[in-house]
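Commentary on secondary and tertiary structure
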Amino acid sequence: MSDMQDYKSSLSDSGSRKFETFSYLPPMDPAKIRRQVEYIVSRGWNPAIEHTEPENAFDHYWYMWKLPMFGETDVDAILAEAEACHKAHPNHHVRLVGYDNFKQTQGAAMVIYRGPAV
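Remember, it's a predicted structure, so these values are computed and weren't measured experimentally. (Residues numbered from 1 in each chain as written. Predicted model: local features only at pLDDT ≥ 70, side-chain atom pairs only at ≥ 80, totals over all residues. Heavy atoms only, no water.)

With antiparallel pairing, 4 strands are arranged side by side in an open sheet as S2-S1-S3-S4. One side of each edge strand has no neighbouring strand; the edge strands of this open sheet are strand S2 (63-65) and strand S4 (105-113). Each strand of the sheet is rotated relative to its neighbour by a mean of 35 degrees, with strand direction disregarded. Direction of pairing for strand S1 (residues 46-52) relative to strand S3 (residues 93-100): antiparallel, over a ladder of 7 bridges. If you follow Pro47 over to S3, its bridge partner there is Gly98. (Pairing = 2+ DSSP bridges. Helix = DSSP H or I, 4+ residues; strand = E, 2+ residues; numbered from the N terminus. Axes fitted to C-alpha atoms, helices over the stretch in contact; angles between N-to-C directions.)

The next point concerns the environment of Gly71. In this structure, Gly71 sits in the loop between S2 and helix H2 (75-88). The exposure class of Gly71 is exposed, given its relative accessible area of 56%. A C-alpha to C-alpha distance of 7.7 Å links Gly71 and Gly44, two positions 27 residues apart in sequence. (Buried < 20%, exposed > 50% of the residue type's maximum accessible area, 1.4 Å probe, protein only.)

Laid out in structure tokens, this is it:
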């Protein structure tokens, strides 16, 4: 069996916290974020944008940026909403969510903009 890689993470260091699978990878560039939005749309999921302060990312609900974009298939419109949220809240983490209507769950959720470390 191979050795498991450890990562330095602590509650007191918000910059070290992991939020989801993509947190273990290098930050996504705009092209990779676009591909994730395209995937959400291709699955028929409803995209939504959420945000929160870095210090509250684990013990609070995230704020919803407007309502979920029910039935939205325009990738550029979804990306524009994510960017608008990031510009309105530059010190917050911004998360992209894809809601699966049939399973009544989140099909995807990823932090696409990270606020500064606290």
